[in-house]
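Structure assessment
Read off the chains here:
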Amino acid sequence: MQIYLPIAELSMNVFFLVGIGGAVGFLSGLFGVGGGFLLTPLLIFTGVPSPVAVASVTGQVVAASTSGALSYYRRGGIDLHLALYLIGASTVGAVLGVLLFSVLRSFGQLDLFLSASYLVLLGSVGTIMLIEAVKAIIKARSGVVVRERMPHQHNWMHGLPLRVRFKKSRLYISVLPVLAIGLCIGIIGSLLGIGGGFILVPALVYLLRVPGNVVIGTSLLQVVAMMAVTTVLHAVQSQSVDILLAFSLMVGGTVGAQFGASAGQYLRGEQLRALLAILVLAVAIRFGMTLVLPPDDIFSTVLLGPGGLL
Amino acid sequence: MLALPVQAQRVVSSVSNTAISISSSFDGETLTMFGNIEPELGGAGPVTGPFHVVIVVEGPLAGRVTRLKTHNFGIWMNTVQVAFNDMPTYFQVLSDSRLKEITNPVTIAEEKLLPEYQAQAAIETGWWDSVVFANQTVRLLTEKGVFGVREDGVKFLSNTFYSAQLTLPANVPNGAFLARTYVFKDGEIIARKSDGFSVRTSGFERFVAQSANQYPLLYGLVCVALALFTGWLGGVVFKR
């Protein structure tokens, strides 16, 4: 059944959209990630114009992360004080990101920037994850107990000025690295259409030493708030949020995530991480190919929207 | 300035559907344009042919940019772009025989009866851009189905009565369309007529597209509210 997407200006099969949303939702429930970094590329590869893909996925990520954030909140697994600083910084980052997004679009370089950024980001994250997961699998096989890095061990970042006490995480650290992380996540998230959870969680764990029981909940809350702001910003700045597209994806994603979360109980942690790493690397390689291989058509044409910007 | 020939004929014409609305299952619509060549009011005697008819269907004007990718530093990227101002978003030419048999190239160029002339007129930059990018843009838009030339699109049902069918594709742009009819005899234009019709998305899709452009802040907030609600609902429905 075809549905006409008014902002994307094309007709797509609604079952296909709900299906993609469901598949990515399943993966997000399985691996505990937002899924934006898989969904945006997937939409772009199936022909949705990249500005619409990026902007509409931000809406979908809000839906996908809300139910998780709510359940962590009920269990007391969120450090609201820390989340507040992160959200503030990432909002500023999102504003900058959306402005840069518009500039890139008007110069016709958005696709190039997206492909290169995804290649670099997913390539590096995927490689790191794969190495870490393979090491963990080898160690588990040989029976060595993996010693987790202890929280509360301070590194140089904690010693920077402007220290604030974060009671829930039992940290007394400088806010500067917190704000810096939030700013970067905000810029990257709004430009690429990703929630940034898969960057934020390791950053919180390894750089700030946030304890494991609050790190996922805090990260989810951050993603929900930041993506909500980004959706509104994209809608106002470039009118490229397609609510019908986002809603079809949301429906599939919410259902898929529930199935994914239950399926995740059947696989060991390191195996899941290795699989996710392979998937991330595959997407990175696909972007690399679009940059290097000759395009189907070296000419392309695009209508100009109101105000001269696309 | 050429003197126009004395017009002893006029054309009476119409379009089968003047208000086309796109609903959610729209996948194209067929229009019929038809007309009759008649003597001028108060004129003497029946008209004599042979006549040829060219109908040009022009959609709303818009700005457009066409870009060229080149291979630099090992990757393909957009490096050249050419802007088109006020070019039709939809342009179809229908005629009853080959355009070069109907009239001469000068008239075709002056009246911009071919899409290439429309595209070239919309470019401001130099000659090279004009030829290459105009032709490529026409090719791209022809592949999309919004530009085209059909030299068998008009059929004469009698010496003076003609009819033409045009199928609007699913991706037809919204707005006011103009169907301009030219009647040729011996290579000269002897009568002209214009008919208008409109294409609008109707109902829900129109509301969505319009509100995204006219009330962007509210649209964004509604989208976020919908996302939050769906996320919350998902958690409730699948409570574990």
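Scroll up for the structure.
None of these values were measured; they are calculated from a predicted model. (Residues numbered from 1 in each chain as written. Chains lettered and ligands numbered in written order. Predicted model: local features only at pLDDT ≥ 70, side-chain atom pairs only at ≥ 80, totals over all residues.)

**Structural notes on the sheet that holds strand β6 (residues 75-88) of chain B**
Taken in spatial order, the three strands line up as β5(A)-β5(B)-β6(B) in an open sheet, and their pairing is antiparallel. Only two strands of the sheet have a single neighbouring strand rather than two, namely β5 (299-303) of chain A together with β6 of chain B. If you compare each strand with its neighbour and ignore which way they point, the axes differ by 25° on average. Here eleven bridges tie strand β5 (residues 61-72) of chain B to β6(B), and the two strands are oriented antiparallel to one another. Within β6(B), the position partnered with B:Lys69 by the bridge is B:Asn78. (Pairing = 2+ DSSP bridges. Helix = DSSP H or I, 4+ residues; strand = E, 2+ residues; numbered from the N terminus. Axes fitted to C-alpha atoms, helices over the stretch in contact; angles between N-to-C directions.)

**Brief notes about the sheet that holds strand β3 (residues 29-39) of chain B**
Residues and elements named next belong to chain B. The strand order across the open sheet formed by four strands is β1-β3-β10-β9, and the pairing between neighbours is antiparallel. Looking at strand neighbours, the two that pair on one side only are β1 (9-15) and β9 (154-156), the edges of this open sheet. Neighbour-to-neighbour, the strand axes of this sheet turn through a mean angle of 20°, independent of strand direction. Summarising the sheet, β1 and β3 pair through seven bridges and their orientation is antiparallel. Counted as the bridge partner of Arg10 is Glu38 from β3.

**A few points about helix α6 (residues 175-192) of chain A**
Residues and elements named next belong to chain A. A rise of 1.5 Å per residue sets the reference length of α6, with its 18 residues, at 26 Å; its end C-alpha atoms lie 26 Å apart and thus fit the reference within 8%. For α6, the full list of buried residues reads Val178, Ile181, Gly182, Leu183, Ile185, Gly186, Ile187, Ile188, Gly189, Ser190, Leu191 and Leu192. Where α6 is buried, its residues meet α2 (36-45), α3 (50-74), α4 (80-106), α5 (110-141), α7 (197-207) and α8 (212-238). Note on α6: the residue one or two positions beyond its end, Gly193, has a positive phi of about 75°. (Expected span 1.5 Å × (residues − 1). Buried ≥ 20, exposed ≤ 12 C-beta atoms within 10 Å, placed from the backbone. Contact = placed C-beta atoms within 7 Å.)

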